Amino acid sequence: MAKNLATKILEAHLVKGELIPGTEIAIKIDQTLLQDATGTMAMLEFMAMGVDRVKVELAAQYIDHNLLQTDNKNADDHIFLMTAAERYGIHLSKPGNGVSHQVHLERFGVPGKVMLGADSHTPSAAGVSMLAIGAGGLDVALAMAGHPFYLPCPKIWGIKLTGALQPWVSAKDLILEMLRRHSVKGGVGRIVEYYGDGVKTLSATDRAVIGNMGAELGATTSIFPSDERTKEFLEAQGRGECWTPLEADAGALYDEYDEIDLSTLEPLIAKPTSPDNVVPVRELAGLKVDQVLVGSSANSAFRDLMSACRILEGRKVAPHLSFNVNPGSRQVIENVAAEGGFLMLLQAGAQVHQPGCLGCIGMGQAPGTGHVSLRTFPRNFPGRSGTKGDQVYLCSPETAAAAGIFGVVTDPRELGRLMEYPNVQNPSKYLLDDSSIIFPLPAAEAEKVEIITGPNILPFPDFSELPENLSVEVILKAGDNISTDGIMPAGSKVLPFRSNIPAISQFVFEQIDPGFAARAMANQPGAVIGGDNYGQGSSREHAALAPRYLGIRLKIAKSFARIHKANLVNFGIVPLVFKDPADYDLLQQGDRLLVPHLRTMIVRGATVIPVEVGERTFLTILDISDRQRRELLSGGTLNYVRTAGNWEEDPHGCL
Ligand code: MIC
């Protein structure tokens, strides 16, 4: 039978289960990706597993998020990660070498391989046809220890691309169109597979932009065929030998379909405060812009930056506006510099920063009060920039550069009156330099490396088993689409505590309800009620781990985002879904919920769990696998794998 590409890759990696959408499968992981914000905790978890060396083909650790060194904390974490990477055979990309997604695409991505990354934007590696999936740090640590990754088998959603993008319209507009059509929930439980003639008009780095922001659709991941464009990119990276052609069989079917004629797309922009709040740029024309940021997680490759450079060449940014460029990698800087791009930026009055996530994760670059900020980043959830009530818009580098010149939102096609579309092509041979990557030591030498742990790195907290009866107070009732940024904020103040759970827990729900942490601590055990798509966005496991530390044992929502739901189980929080969503309306903060015999029900495999509130009982659904049930009973995955016998006899439920 003719097969689509995602199915072929999944089949080649299937370790357990059948490819039936919605059922649990386990897949072999070839490569892993950690960044520093999620990586310190994931590394501690990996170390707790007592494995001597990573067991995947390639493991990479990036330092790209916590780059500000305002005290010892981030610098100590960098040393911890560097020494741990050396000790366990992990490639280490040093601070300043670039954003994990861009560097991985450049130096390590291999078509057809499956990668697990502790970052929701791991699917950027779709640019080189990897099946790259974001997950919580603990799941990545398990993969590094050689275990397969468990996930609900996704549906495969075929998106046929035809035509070619018009001048001034680029890859970002395509993924914004997907978000406009399908919303931040549209991709949940799906792999988005792009196919059709239009695909070959997109370069590897264009595809990376689309894969990156596929995370905003809630998709498990995205995939593109590996074709001449993939080959061209890998050859330009001096890695032509990694290329293999990969595509769907002729006549392959998909579970669902959509089609986009690239030539009909126009410049689009996502308004505050959700990536799916998308409108044509022309509808916002004239809106005063105070800040522009090009780069970071998405649109930080050569073409993206060089397009901005060419547009700004010989012009000045509007006087009231700050125009910032965050290159994706040192390699991007080098190549843009070689083409004279940096001179163009500097002469135009742009601020050029080191490669890294920076403002994309609220690590600096916060906008002023009421300021309008246009960013090529993937997310604009409320407060993520670091400024309360922020006005962050997401757009292409072309739209960003047009705003930079005119000082107001401008359809970049207007630039056509001043200049030809730059139509920047990627270099046929990039300038290459891997000196900021520390390659793994041979095993015998690695064993001697001493891991240096700073004072801000605290041991993993002890969590108790799930009790037989659960009696919890509702500490907070939240709405729809609550992101993990809303649950566990990022930013320069909070991020340095990623390996200090008692400290970071004090910031849980800080923007939504500043009293949450104190109330949760005082009323343990607690519950949180959520609406639809609860926990969308980032993969940060701290959005489960920190609430658990505060005594949260139960979350009931209308629906959960994939990664967050897995993280909740990993840290022993029971994720229940309302059987009748109308029951959501009947619950209030302060209610006491009783779940009698929860433990026994979980042991017996019950999927319908009655919850009592006052005189009433409402029904909820516990939709998790048998493996996850065992982990929940133990109080979390680490407890489960540490319990004598489980690790050896049934490692992470593999047998
Ligand atoms: C993000 O873009 O939200 C992040 C920061 O990269 C996160 C990871 C994190 O919270 O450390 C992600 O996307 O998973």
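Figured I'd write up the structure that's included with this text. Everything numeric here is computed off the predicted structure, so don't read it as measured data.

Remarks on the site of the ligand
For step 1, the next point in the chain: Near the ligand lie 14 residues; those nearest to it are Asp119, Ser120, Arg384, Ser539 and Arg540.
For step 2, the next point in the chain: A distance of 2.5 Å is found between an oxygen atom of the ligand and a side-chain nitrogen or oxygen belonging to Ser120.
For step 3, the next point in the chain: Between the ligand and the protein, one listed contact pairs an oxygen atom with a backbone N or O atom of Ser539 at 2.7 Å.
For step 4, the next point in the chain: Protein chains shield 98% of the accessible area of the ligand, which is 340 Å² for the free molecule.
For step 5, the next point in the chain: Here the shell around the ligand is built from residues that sort into two nonpolar, seven polar and five charged.

With respect to the side chain of Gln31
For step 1, the next point in the chain: Tracing the sequence through the fold places Gln31 in strand β3 (residues 31-35).
For step 2, the next point in the chain: Exposure remark for Gln31: the relative accessible area of 4% places this residue in the buried category.

Description of the sheet that holds strand β2 (residues 24-27)
For step 1, the next point in the chain: Strand order in the open sheet formed by three strands is β1-β2-β8, and the pairing between neighbours is antiparallel. In the strand order of this sheet, the two ends are held by β1 (14-16) and β8 (149-152), each with one partner. Neighbouring strand axes in the sheet, compared pairwise and without regard to direction, differ in orientation by 45 degrees on average.
For step 2, the next point in the chain: Where β2 and β8 come together, four bridges link them in antiparallel fashion. Considered in β8, the bridge of Ala26 is made with Tyr150.
For step 3, the next point in the chain: Sheet strands touched by helix α1 (residues 5-13): β1 and β2. Its angle to β1, the strand with the most contacts, is close to 55 degrees.

Examining the pattern of salt bridges
For step 1, the next point in the chain: On inspection of all chains with the given rule, the structure shows 36 salt bridges.
For step 2, the next point in the chain: Arg207 is paired through a salt bridge with Asp227; the nearest N and O atoms lie 2.8 Å apart. You can see Arg207 sitting in helix α7 (residues 204-214) and its partner Asp227 sitting in the loop between β11 (221-223) and α8 (228-236), a full 20 residues away along the chain. With respect to class, Arg207 is no different from Asp227; both count as buried.
For step 3, the next point in the chain: Here Glu266 and Arg282 are joined by a salt bridge, their closest N and O atoms 2.8 Å apart. Here the residue Glu266 occupies a position in the loop between β12 (256-261) and β13 (268-270), and Arg282 occupies one in the loop between β14 (278-280) and β15 (291-295), the gap between them amounting to 16 residues.
For step 4, the next point in the chain: Residue Glu266 is classed as buried on the basis of its relative accessible area of 18%.
For step 5, the next point in the chain: A single network of salt bridges, built from pairs that share partners, joins Lys28, Asp30, Glu57 and Lys113.

Digging into the layout of surface pockets
For step 1, the next point in the chain: Its boundaries defined by the atoms lining it, the largest pocket holds a volume of some 760 Å³.
For step 2, the next point in the chain: Among the elements of the structure, β8, α19 (562-570) and α21 (626-634) are those that each provide at least two residues to the lining of the largest pocket.
For step 3, the next point in the chain: For the lining of the largest pocket, the element with the most residues is α19, which contributes six residues.
For step 4, the next point in the chain: Considered class by class, the residues forming the lining of the largest pocket number 16 nonpolar, nine polar and eleven charged.
For step 5, the next point in the chain: In this structure, the second largest pocket encloses a volume near 440 Å³.
For step 6, the next point in the chain: Lining the second largest pocket are 25 residues, and of these Thr201, Asp206, Asn423, Val424 and Gln425 lie nearest its centre.
For step 7, the next point in the chain: When contributions to the lining of the second largest pocket are tallied by element, the ones reaching two or more residues are α7 and α8.
For step 8, the next point in the chain: The leading source of residues in the lining of the second largest pocket is α8, at four residues.
For step 9, the next point in the chain: Classifying every residue of the lining of the second largest pocket gives 13 nonpolar, eight polar and four charged.

What about the packing of aromatic side chains?
For step 1, the next point in the chain: Overall, the coordinates contain 13 aromatic pairs when judged by the stated rule.
For step 2, the next point in the chain: Ring centres of Phe460 and Phe463 lie 5.9 Å apart, and the angle between their planes is 75 degrees; this geometry places the pair in the edge-to-face category. The same class applies to Phe460 and to Phe463, which are both buried.
For step 3, the next point in the chain: Where Phe497 meets Phe507, the ring centres are 6.2 Å apart and the plane angle is 20 degrees; that geometry is what we call stacked. Separated by ten residues along the polypeptide, Phe497 in the loop between α15 (491-494) and α16 (501-505) and Phe507 in the loop between α16 and α17 (516-522) bring together distant segments of the chain.
For step 4, the next point in the chain: Assessed through its relative accessible area of 18%, Phe497 is described here as buried.

Criteria and thresholds
- Residues numbered from 1 in each chain as written.
- Predicted model: local features only at pLDDT ≥ 70, side-chain atom pairs only at ≥ 80, totals over all residues.
- Heavy atoms only, no water.
- Near = heavy atom within 4 Å.
- Polar contact = N/O pair within 3.5 Å; in protein donor to acceptor, adjacent residues only side chain to side chain.
- Areas by Shrake-Rupley, 256 points an atom, 1.4 Å probe, with all protein chains shown as cover.
- Nonpolar A, V, L, I, M, F, W, Y, C, P; charged D, E, K, R; others polar.
- Helix = DSSP H or I, 4+ residues; strand = E, 2+ residues; numbered from the N terminus.
- Buried < 20%, exposed > 50% of the residue type's maximum accessible area, 1.4 Å probe, protein only.
- Pairing = 2+ DSSP bridges.
- Axes fitted to C-alpha atoms, helices over the stretch in contact; angles between N-to-C directions.
- Contact = heavy atoms within 4.5 Å.
- Salt bridge = Lys/Arg side-chain N within 4 Å of Asp/Glu carboxyl O.
- 1 Å grid on protein atoms, 1.4 Å probe; cavity = no way out; pocket = protein on both sides within 12 Å on 5 of 7 lines; lining within 4 Å.
- Points joined across faces, edges and corners; volume = space filled by probe spheres on them.
- Phe/Tyr/Trp six-rings, centres within 6.5 Å; stacked < 30°, edge-to-face > 60°.

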